[in-house]
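# Analysis of the macromolecular model
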Amino acid sequence: MEYGLAITDIKMKIKDGNGMKAICNIIVNGMVALNDIRIVENKSGKLMVAMPSKKMPGGKFKDMANPVNAEARKIIEDAVIGEYNRLTTLSNEIFALIN
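Please read all numbers here as calculations on a predicted model, not as lab measurements.

About the cut-offs
- Residues numbered from 1 in each chain as written.
- Predicted model: local features only at pLDDT ≥ 70, side-chain atom pairs only at ≥ 80, totals over all residues.
- Heavy atoms only, no water.
- Helix = DSSP H or I, 4+ residues; strand = E, 2+ residues; numbered from the N terminus.
- Contact = heavy atoms within 4.5 Å.
- pLDDT = per-residue confidence, 0-100.
- Salt bridge = Lys/Arg side-chain N within 4 Å of Asp/Glu carboxyl O.
- Buried < 20%, exposed > 50% of the residue type's maximum accessible area, 1.4 Å probe, protein only.
- Core = buried A, V, L, I, M, F, W, Y, C linked by side-chain atoms within 4.5 Å.

To continue, consider the side chain of Glu83. Mapping Glu83 onto the fold places it in helix H1 (residues 70–98). Leave out the neighbours within four places in its chain, and Glu83 touches Ile10 and Met12.

Moving on to the confidence of the model for the protein chain. Across the protein chain, the average pLDDT comes to 91, with 98% of residues at or above 70. Ranking the helices and strands of the protein chain by mean pLDDT puts strand E2 (residues 20–28) first, with 96, and strand E6 (residues 61–63) last, with 90.

Here we take up the pattern of salt bridges. It is possible for side chains bearing opposite charge to pair when their charged atoms get close. Counted under the stated rule, the structure contains 5 salt bridges. Its salt-bridge partner being Asp9, residue Lys11 comes within 2.8 Å of it at the nearest N-O pair. Across the pair Glu77 and Arg73 runs a salt bridge, and its minimum N-O distance is 3.9 Å. Here the residue Glu77 and the residue Arg73 both occupy positions in helix H1, the gap between them amounting to 4 residues, near one helical turn. Residue classification places Glu77 among the partly exposed positions, given a relative accessible area of 26%.

A separate point is the nonpolar core. By size, the foremost hydrophobic cluster in this structure holds 17 residues, and its most contacted members are Met12, Cys24, Ile26, Leu34, Ile37, Ile39 and Val80. Looking at this core, the elements that each hand over two or more residues are strand E1 (7–17), E2, strand E3 (32–41), strand E4 (47–50) and H1. In contact with Leu34, other than residues within four places in its own chain, are Cys24, Asn25, Ile26, Val28, Met51 and Ala65.

Moving on: the environment of Val40. Following the sequence through the fold, Val40 ends up in strand E3. C-alpha of Val40 to C-alpha of Ala22: the two residues are 18 residues apart in sequence and 7.2 Å apart in space. Those residues in contact with Val40, other than ones at most four positions away along the chain, are Gly19, Met20, Lys21, Lys46, Leu47 and Met48.

And the structure:
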């Protein structure tokens, strides 16, 4: 049996601090919410998607949700980074218009 994965909604807040660029919640197939997905910028300037995690005793972090294969990860990353790029471009265009 094969299931399709579709990101049906994304709500995002641009943060831009300490390497974190944004945090978002997504809806998968109109049925499941994944909250607190972060977009972070690595040291080389590449944007990366960090799945929700929880700090455990001892200081380590444990993923609370994660894609189970490369195809699912790509679908989520493409949707989240695509929305981030769309919002930042729109924000820059609006800023240019008012200045």
